[in-house]
Amino acid sequence: MSAKRIRHVLLVIFIYILCLAYFFPILYMILTSFKPETQVIPPRFIFTPTLENYRQVLNPDILNYLKNSALVSVITTIACIVVGIPASYAIVFGKLKKPDNLFFWFLSTTLLPPVSVVIPVYLIARYTHLLDTRFFLVLMYSGANIPIVIWMVRSFLKDVPREILEAATIDGCSRVRSFFRIIVPLTQIGITSTALLVFIFVWNEFFFAINLTYVHAATIPVYMASYMTQEGLFWAKLSAISTVTVLPPLVLGWIAHKSLVRGLTLGAVKG
Amino acid sequence: MRKLAFLALCLVAVAGFVSAGGSKESATAKQPLVLATVNNPDMIIMQKYAPKFTEKTGIAVNFVVMPENQLRQKVTEDVALGAGKFDIVTIGTYDTPFWGKNKWIDPLDPLFQKMSAADRDAYDVADLMPPIKSALSFDNQLYALPFYGESSMLYYRKDVMEKAGITVPEHPTWQQIYDIAKKVNDPSKDFYGIVLRGLPGWGENMAVFDTMINTFGARWYNMKWEPQFNTPQMRQAWEFYKKILTDAGEPGPSTVGFTEGLALMTTGKAAMWYDATVAAGALNAAGSSVAGKIGYAFAPTVKTTYSGWLWSWALAIESASKQKEAAFKFLTWATSKDYINLIGQNVGWGQIPPGTRVSTYKNPQYLAAAPFAGITLQSIENAPYDQPTVDPVPYKGVQYVAIPEFQGLGTKVSQQLAAYLTGQKSLDDALATCQQDALQVAQQGGYLKQ
Amino acid sequence: MQDQPRENRRSRFLTLPAILVVAVVTQVPILVTLALSFVRWIVVRPDLGISFTGIGNYFLLFTDPDFYAVVLQTIELTLVSLIACTILGLFFALLLNRDFFGVNVVRTLIISPFFVMDAVAGIIWKTLILHPSFGFNGYIAAFFHTKPIDFFGAYSLLTVILLTVWQWTPFFILIILAGLQGISEEILDSAKVDGAGWFRTLFSIKIPSIYNHIEVAMMLGTIFILKVFGLIYVTTSGGPGVSSTNLAYYVYRVAFYGWDVGRAAAIAIVTAVLTLIAIMALFRFFQRRFKEWEV
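Residues numbered from 1 in each chain as written. Chains lettered and ligands numbered in written order. Predicted model: local features only at pLDDT ≥ 70, side-chain atom pairs only at ≥ 80, totals over all residues. Heavy atoms only, no water.

Chemist: Honestly, the overall build of chain B in this entry has me stumped. Any pointers?
Modeler: A count of helices and strands for chain B gives 19 helices and eleven strands. Taken over the C-alpha trace, chain B has a radius of gyration of 24 Å; the compact-globule value for 450 residues is 22 Å, and the two agree within 12%. In terms of principal-axis extent, the alpha carbons of chain B reach across some 80 × 60 × 50 Å. A burial count over chain B gives 62% of its 450 residues as buried. Pairs at least 24 residues apart make up 74% of the contacts formed inside chain B by residues separated by at least 6 positions. Surface accessibility of chain B: about 16,600 Å² in total, with carbon and sulfur atoms responsible for 53%. (Helix = DSSP H or I, 4+ residues; strand = E, 2+ residues; numbered from the N terminus. Rg over C-alpha atoms; globule rule 2.2 N^0.38 Å. Buried < 20%, exposed > 50% of the residue type's maximum accessible area, 1.4 Å probe, protein only. Contact = heavy atoms within 4.5 Å. Areas by Shrake-Rupley, 256 points an atom, 1.4 Å probe, with all protein chains shown as cover.)

Chemist: Please explain the sheet that holds strand β7 (residues 152-157) of chain B as it appears in this structure.
Modeler: What holds strands together in a sheet is hydrogen bonding between their backbones, with the strands either parallel or antiparallel. Residues and elements named next belong to chain B. Strand order in the open sheet formed by four strands is β8-β9-β7-β10, and the pairing between neighbours is mixed. Only two strands of the sheet have a single neighbouring strand rather than two, namely β8 (192-195) and β10 (294-298). On average, each strand axis in the sheet is inclined to that of its neighbour by 20°, with strand direction left out of account. Here β8 runs beside strand β9 (residues 270-276); their pairing, made up of three bridges, is parallel. Considered in β9, the bridge of V195 is made with W273. (Pairing = 2+ DSSP bridges. Axes fitted to C-alpha atoms, helices over the stretch in contact; angles between N-to-C directions.)

Chemist: For this particular structure, what's the right way to read the domain arrangement of chain B?
Modeler: How big an interface is tends to be reported as the loss of accessible area on association of its parts. Residue and element names in this part refer to chain B. Here the domain parsing of chain B yields domain 1 (24-150 + 311-368) and domain 2 (152-308 + 378-444). Across the contact, 15 residues belong to domain 1 and 16 residues belong to domain 2. Summing both partners gives a buried area of about 1,300 Å² for domain 1 against domain 2, and 67% of it is carried by carbon and sulfur. Counting the surface domain 1 buries against domain 2, the share from its top three residues, Y94, P131 and E150, is 44%. Applying the counting rule to domain 1 against domain 2 returns zero salt bridges. Linking domain 1 with domain 2 are six residue pairs in polar contact (both at pLDDT 80 or more). Of all elements in the fold, only α4 (95-101), α7 (130-135) and β6 (145-150) reach the threshold of two or more residues within the side of domain 1 that touches domain 2. Taken together, the residues that form the side of domain 1 that touches domain 2 break down as ten nonpolar, three polar and two charged. (Domains from an automatic or database assignment. Buried area = accessible area lost by both parts, 1.4 Å probe. Salt bridge = Lys/Arg side-chain N within 4 Å of Asp/Glu carboxyl O. Polar contact = N/O pair within 3.5 Å; in protein donor to acceptor, adjacent residues only side chain to side chain. Nonpolar A, V, L, I, M, F, W, Y, C, P; charged D, E, K, R; others polar.)

Chemist: What is the right way to look at the interface of chain A and chain C in this model?
Modeler: Between chain A and chain C, the residue contacts involve 98 residues of the former and 100 residues of the latter. Across the chain A/chain C interface, buried area totals approximately 8,900 Å², and carbon plus sulfur atoms make up 80% of it. In this assembly, chain A and chain C are joined by zero salt bridges. For the pair chain A and chain C, the number of links is four residue pairs in polar contact (both at pLDDT 80 or more). Ranked by residues supplied to the side of chain A that touches chain C, first place goes to helix α1 (residues 3-32) of chain A with 17 residues. For the side of chain A that touches chain C, the per-class residue count stands at 73 nonpolar, 18 polar and seven charged.

Chemist: Would you take a moment to explain the packing of helix α3 (residues 62-93) of chain A against helix α6 (residues 134-158) of chain A for this structure?
Modeler: Between two packed helices, the angle of one axis relative to the other and the distance separating the axes together describe the packing. All names here are of chain A. Closest axis-to-axis distance for the α3/α6 pair is 6 Å, and the angle between their directions is 40°. By the angle between their directions, the pair α3 and α6 is classed as oblique. In terms of crossing hand, the pair formed by α3 and α6 is right-handed. Residues that form the contact of α3 with α6 fall into these classes: 21 nonpolar, six polar and four charged. (Parallel < 35°, antiparallel > 145°, perpendicular 65-115°, else oblique. Left-handed = near helix turned anticlockwise from the far one by under 90°.)

Chemist: In this structure, what is going on with helix α10 (residues 205-215) of chain B? I would like to understand it.
Modeler: Given 3.6 residues to a turn, an α-helix orients residues that are three or four positions apart in the same direction. Residue and element names in this part refer to chain B. For α10, the buried fraction is high: eleven of the eleven residues fall into the buried class. When we look at burial in α10, the residues that qualify are N205, M206, A207, V208, F209, D210, T211, M212, I213, N214 and T215. Among the structural elements, α9 (174-184), α11 (232-248), β9 and α18 (406-421) are those in contact with the buried residues of α10. Immediately downstream of α10, the backbone of G217 shows phi near 95°, a positive value.

Chemist: Teacher, can you tell me more about the packing of α9(B) against α11(B) here?
Modeler: Residues and elements named next belong to chain B. Two elements in contact, α9 and α11, have axes whose closest approach is 9 Å; the angle formed by their N-to-C orientations is 15°. Considering their axes alone, α9 and α11 lie roughly parallel with respect to each other. The crossing of α9 and α11 is left-handed. Contacts between α9 and α11 involve W174, Q175, I177, Y178, A181 and K182 on the former and, on the latter, F240, K243, I244, D247 and A248.

Chemist: So what exactly am I meant to see when it comes to the confidence of the model for chain A here?
Modeler: Where the model shows low pLDDT, its predicted coordinates should not be examined in detail. In this model, chain A carries an average pLDDT of 84, and 94% of its residues clear a pLDDT of 70 or more. Long-range and interchain partners of residues 263-271 of chain A, a stretch whose pLDDT sits below 50, account for eleven contacts in this model, where long-range means more than four residues apart. (pLDDT = per-residue confidence, 0-100.)

Chemist: Looking at this model, I keep getting lost on the pattern of salt bridges. Mind explaining?
Modeler: Residues and elements named next belong to chain B. Inspection of every chain in the model, using the stated rule, returns 21 salt bridges over all chains. Of the charged contacts, one joins K396 and D386 as a salt bridge, the two residues approaching to 3.5 Å between their closest N and O atoms. Of this pair, K396 sits in the loop between α17 (373-382) and α18 while D386 is found in the loop between α17 and α18, placing the two residues ten residues apart along the sequence. Relative accessible area serves as the criterion here: at 44%, K396 is assigned to the partly exposed category. According to the relative accessible area criterion, D386 is partly exposed, its value standing at 45%. Connected through shared salt-bridge partners, E68, R72 and D95 make up one network.

Chemist: Quick question: what am I supposed to make of the environment of A:V57 here?
Modeler: All names here are of chain A. Within the fold, V57 resides in helix α2 (residues 52-57). Take V57: its relative accessible area is 0%, and that puts it in the buried class. For V57 and I189, which are 132 residues apart along the polypeptide, the C-alpha to C-alpha distance reads 36 Å. In contact with V57, other than residues within four places in its own chain, are I62, Y223, Y227, K237, A240 and I241.

Chemist: I keep staring at the nonpolar core and nothing clicks. Help me out?
Modeler: Most often, soluble globular proteins have nonpolar side chains that are buried together. By size, the foremost hydrophobic cluster in this structure holds 364 residues, and its most contacted members are B:Y155, B:W174, B:W220, B:W238, B:M272 and B:F330. Per-element tally for this core: the top contributor is helix α8 (residues 156-180) of chain C, with 16 residues. Two domains each provide a minimum of three residues to this core, namely domain 1 (24-150 + 311-368) and domain 2 (152-308 + 378-444) of chain B. Once you skip the residues sitting within four places of it in the chain, B:F330 turns out to touch B:L33, B:L35, B:M46, B:F53, B:V61, B:F63, B:I88 and B:L315. (Core = buried A, V, L, I, M, F, W, Y, C linked by side-chain atoms within 4.5 Å.)

Chemist: Where do I start with the pairing of β7(B) in this structure?
Modeler: Walk down a regular strand and you will see the side chains alternate between the two sheet faces. Residues and elements named next belong to chain B. Taking burial as the measure, the six residues of β7 include six buried ones, the bulk of the element. Relative to β9, β7 is paired through five bridges, and the arrangement is antiparallel. Bridge pairing in β9 links Y155 to W273. Pairing of β7 with β10 involves five bridges; the strand directions are antiparallel. In the sheet register, R157 faces β10, and the bridge partner there is I294.

Chemist: Hey, could you run me through the sheet that holds β6(B) in this one?
Modeler: Residues and elements named next belong to chain B. Taken together, five strands build an open sheet; the order of strands is β2-β1-β3-β11-β6 and the sheet is mixed. One side of each edge strand has no neighbouring strand; the edge strands of this open sheet are β2 (61-66) and β6. Each neighbouring strand pair of the sheet contributes to a mean axis angle of 20°, computed without reference to strand direction. As paired elements, strand β1 (residues 33-38) and strand β3 (residues 88-92) share two bridges and run parallel to each other. Bridged to L35 within β3 is I88. Relative to the sheet, helix α14 (residues 324-334) contacts β1, β2, β3, β6 and β11 (311-317), its axis offset from that of β11 by approximately 150°.

Below is the structure:
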């Protein structure tokens, strides 16, 4: 084995260890979800596994929370992408007078921590009778995440080399066609990453969900909150519900990575 | 053409928005009651047995379960900002009086009048423990029915004390507890003399520490509402708390609340623990390595006779509720003698909601399952709710000051305590900050007449 | 060109839905907050009523020593986390930008802290890992016969920074990795042929190529880290004292413990203004720098 090969293997092992260490707290959380409460502390790796926590946590109630979370997250993500990409496109390739100012305005709308405006938002929801509705959640989340989509997609759009677009226009390609035939494949990775991020932000959003929902529109973080502290040992149960909650984004992340790889093999831009 | 395509996309997005709205339930005759509650074991049991109530009355109940802090915030939002989406709320002895005063919850006496004589006798309001009843009243009107009640007591390891040849007196003083803790403290073996809450929060470390403030002879305000953080007694209390934790207590106290204390005790890492009486059940439950080894004593004192706190989680009806009669039915069901029997028979007598009715403490089955019942009963009955301190004070409440601003003030002071305990602040700084904060509250709340 | 006005209109049309939704959702609450900041309203004292108090809330705010401590801590928390996240993000992205067995697994692993709710992550760290009695911290300390470090008590702000970095680095990794993967193979190959070492390649080719992505990551990262709340909420509750309180948590404390809606609104407005200034500065910084790079 050449020295180069050995170096490569060592590097790969190093990366494995590093990533595993980074991931360790979550791994430990998943492990803990299978422990009986009395064996959670002190920390240990050998224990008697049990499904009791999952049995307690996965009661029929959880379906409503999951349904709400899924609906709200998916619809918000779609809405943000559908509304955000055209805006981003217009800013980068369009003929706006001062695109940078518009950018900056979008960015400035995300500056305020959600917690700072909870009471005003609660008041607005209350007086428009939109408390405890999925619609209001989707509205709030979209408003919060569209700027993020615009900002991220802008950087990916900026990377598309002008020469290709110009060549296509010279060849008689229409704007829409060049968008779908050229821009989308090149920025696919970026757009997928962006969609994934928005989905995760919405899926995990906790504070607005707790304050603006009651029974009908409650999402999964609200259910999880009831396990966050108890007058009794709760860490194994919390780990269990958290593992369940983390599964959809994790699976999505896995799928998104497949497309990342595909983007790589599709070849980078010809210089 | 392209514009149309884009418009179509937008319409799809809008349709998505709208469909997400969905489920507006059609107004049916009987809507389920919406109940907000904490995620304590007793409440979880209540949630599990709620279908029995639905069987009996045909009224369904939707539970919204949250941790205590969130519950209080959410329910306060709901009542104060007028949304009125909860029918029944779980509130404590702290909130009840001024919520009643603000007309956020309904007085219950009129509803009791509407009951049939037979039902009223079966419910037996007189059976509810007097101190708890009075803590849940305002202006002599009962506003909430107690679901469970507690005081505080000292737990200790009988086996450890026997081995060390120590007898723990039934009415110990804090000095005695300090000496005992020091004797059995053994940090090299991961074993601590005593566990005390240090987690910031007006209901966390402040609950425990406030009882110490009271019994050391200090107070938050004098009769003129002048803050009293600069008195020698207050200083003594603070110094003592730090001393006992440093010399014989658990490490990292600012991360130890009720649950962590329970965990330390049940994994056999501590010899003593001063905390809520409701912990007794958990300490003796299956899976606890110290079940059966626990001895009980009254809350330690210095200058007062009884220093245990008084707390109850109770059910109340929101004034904005549209189903008050149905809600009242649930209230009386969940706090009735029948309910206690139900839980006792189906779950176990060690797990019934304690501390609400005198009859519970005359029940032989309960007394057999709960060796700590005597001390709990006496602690609740003697909790100095109306006059908690040595010198007279203009406020009520043992482990809190019964003013609405205490949520904020108590939290700030608890943070100063944590800062002092962890060495981030000197005692002088911490006390000065507390004094300043307490003064601001008294002034802005209109208590202190300038 | 005759097409100009039509182009302009079309571009504006494309941006309209986005502007509409964002404007309604974000500006209306801010206006309400602004209005509330001039009002004295203590929710739990309805007997005191709601009264107009002008700049009373702002005055109270600026004469409160806690406020200045909180601002300083917010700056410290954000700046340190930002720099750490950028460096670590770059580091990991470079490592992961290669093809080897299990690269997908490893990439998903390292991004996963991002998928877990920040509140839950905080509890896991606080109780299972860093706790001096129950966590690995206590266990390791006992093993080495030393006193366990009181992470959340004595080093509250640093620990919050640590957790923030742990949670947000994956975000940086994701963006920077997407950028690195867009660098053409030819450029890298020709650099190798020219004899450029690893170091040279990094600073002369790779980083300039992903400048866009680093900018986005840092800008968005700053905004997110400024708003960190869930972590603080479940671990230190802003304490001990106010040592780990940032502006977001400060608003929460005043609004939901003090129930002083007016003062909380004032803090929120001040937060918005301060962060706007900070972001403008950062934005200008990137604008100027980009002009330099764009040769």
